[in-house]
Amino acid sequence: MDGETTLLSMRKRTLFRFAAGTAVVGAATLAYASLVERNMFTLRRYEVPVLPADAEPLRILHLSDLHMMPNQRRKQEWVASLAGLDPDLVLVTGDNMAHPDAVPGVLCALQPLLDHPGAFVFGSNDYTGPVWKNPFTYFLPDRGYTEGVTLPYDELRDVFTGAGWADLNNARTTLKAGGRLVELVGVDDPHIERDDYAAVAGPVSPSADLSVALSHSPEPAVLDQIAEDGFNLLLAGHTHGGQVCVPGVGALVTNCGLHRSMAKGLHRWPGSDAWLHVSAGLGTHPTAPVRFACPPEASILTLIPR
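To keep things clear, this report deals only with the structure shown in the data block. The residue numbering used here restarts from 1 in each chain and proceeds along that chain's sequence as written. Local features are withheld for residues below a pLDDT of 70 in this predicted model, meaning they are given only at 70 or higher, and side-chain atom pairs are given and counted only at 80 or more; totals for whole chains, interfaces and linings count all residues. Based on all heavy atoms of the structure, the side-chain values leave hydrogens and waters out of the count.

Re the sheet that holds strand E9 (residues 233-236)
Pairing between strands requires that DSSP locate at least two bridges from one strand to the other. Elements are defined by DSSP. Helices are runs of H or I of four residues or more, strands are runs of E of two residues or more, and each kind is numbered from the N terminus. Taken together, 6 strands build an open sheet; the order of strands is E6-E7-E8-E9-E13-E12 and the sheet is mixed. Two strands close off the open sheet at either side, each with one partner strand: strand E6 (171-177) and strand E12 (265-268). Sheet twist, expressed as the mean angle between neighbouring strand axes with direction ignored, is 25°. With 3 bridges joining them, strand E8 (residues 210-215) and E9 adopt parallel strand pairing. Residue pairing for E9: Leu214 is matched across the bridge by Leu235. Two residues qualify as a contact provided that any one of their heavy atoms is within 4.5 Å of a heavy atom in the partner residue. Axis definition: a line fitted to C-alpha atoms, over the contacting stretch in the case of helices. Angles run 0 to 180 degrees between N-to-C directions. Packed onto the sheet, helix H6 (residues 220-228) meets strand E7 (180-187), E8, E9 and strand E13 (275-278) and runs at close to 155° relative to E9.

This is the structure:
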């Protein structure tokens, strides 16, 4: 009996040590994800072969998912510093705000970029604020959408359009950038069923040097229609790149119909000649302020000849 008691005691101590070690690792991981990585702002660079032969490169700064809260000074200063890249065109794919008082913070971040040609679409968290939700519900395919407090989206829209940026929420236009004529189309956020691509659909203009489409959520049904019309480059955000990823595996969810393998980065859009760039974004949901194996990002897309 003494031997059995000793063995049982050893097993209990081993189990306790394992549980304690697991708790320490979990706490350290959470601290890293919430205090370190979510503030590790990263600039991604991609070359996208969509221009005609012999064309000069054109540089697009793609920003998404700021989810700005008041007093997020580090994020504001980092985004503002991107004006030093001198992009030819700035494109923003939504979810700029996460608080009713966020407009000043968004402007602090984007004001230096408003001097450049630009365009934008909105995401759900430009219209209404975030609400607490169980993170595991993101794995449910039919998860409903819950609206929070109304956000000052009209105020933000007025600032953007007042600076000359094109509002592409279910709209289409052309503008000059980098000495080229760029055709732009966009839809309002498909994630909350505000999209109406049918209202602006149609083949790309043969007179345009480049055609680019914006959507906050990269819903395949919408992107298929846009690509079929001949747009060269599709830009989206929304996924946060998975936000919490598993090293070697990647994103576990995308919070939309897009496959996990395309949760962030540059990809050929299946069945077309178009390229899709999905930004992992610069912010987090305020009730889940963590990132793991997926740091916040902005992207410079250098468009080059095919």
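This is not the end of the story, as more comes after the structure.
Quick look at helix H2 (residues 73-81)
Only protein chains enter the area calculation, which uses a 1.4 Å probe; residues under 20% of their type maximum are buried, those over 50% are exposed, and those in between are partly exposed. Turning to H2, its buried residues number three or more, namely Lys75, Gln76, Trp78, Val79 and Ala80. Turning to H2, the residues buried within the fold contact strand E1 (42-51), strand E2 (58-63), helix H3 (103-110) and strand E14 (297-305).

Re the packing of H2 against H3
With their axes 6 Å apart at the nearest point, H2 and H3 run at an angle of 35° to one another. Taken together, the residues of H3 that come into contact with H2 (itself represented by Gln76, Val79 and Ala80) are Gly105, Cys108, Ala109 and Leu110. Tallied by class, residues from the contact of H2 with H3 come to 5 nonpolar, 2 polar and no charged. Charged residues are taken to be Asp, Glu, Lys and Arg, nonpolar residues to be Ala, Val, Leu, Ile, Met, Phe, Trp, Tyr, Cys and Pro, and polar residues to be all remaining types, Gly included.

Section: the packing of H3 against helix H5 (residues 153-162)
In a pair of packed helices, the angle between the axes and the distance between the axes together describe the arrangement. Between H3 and H5, whose axes approach to 10 Å, the crossing angle comes to 25°. The angle between H3 and H5 falls in the class roughly parallel. In terms of crossing hand, the pair formed by H3 and H5 is right-handed. Where H3 approaches H5, its residues Val103, Val106, Leu107 and Leu110 are matched on the opposing element by Glu155, Leu156, Val159 and Phe160. Of the residues that constitute the contact of H3 with H5, the class distribution is 7 nonpolar, no polar and 1 charged. An angle below 35 degrees is treated as roughly parallel, one above 145 as roughly antiparallel, one from 65 to 115 as roughly perpendicular, and anything else as oblique. Handedness of each helix crossing follows the sense of rotation of the near helix against the far helix: counterclockwise by less than a right angle gives left-handed, clockwise gives right-handed.

Topic: the packing of aromatic side chains
Only centres within 6.5 Å qualify two rings of Phe, Tyr or Trp (six-membered ring in Trp) as a pair; their planes then separate them into stacked at under 30 degrees, edge-to-face at over 60, and tilted for everything else. Enumeration over the complete set of coordinates arrives at 6 aromatic pairs. Both rings, one in Phe120 and one in Phe122, keep their centres 5.3 Å apart while their planes meet at 45°; by these two values the pair is tilted. Given the relative accessible area of 0%, Phe120 is considered buried. Exposure remark for Phe122: the relative accessible area of 0% places this residue in the buried category. Taken together, Phe120, Phe122, Tyr127, Tyr153, Phe160 and Trp165 form an aromatic cluster joined through their ring pairs.

A short note on the pattern of salt bridges
Should a side-chain nitrogen of Lys or Arg be within 4 Å of a carboxyl oxygen of Asp or Glu, the pair is scored as a salt bridge. One pass over the full model with this rule turns up 6 salt bridges. With its nearest N and O atoms 3.0 Å apart, the salt bridge here joins Arg44 to Glu297. One end of the pair, Arg44, is in strand E1; the other, Glu297, is in strand E14, and 253 residues separate them in sequence. Overall, Arg44 belongs to the partly exposed group, its relative accessible area being 26%. Measuring nitrogen to oxygen at the nearest pair gives 2.7 Å for the salt bridge that ties Arg157 to Asp167. You can see Arg157 sitting in helix H5 and its partner Asp167 sitting in strand E5 (residues 166-167), a full 10 residues away along the chain.

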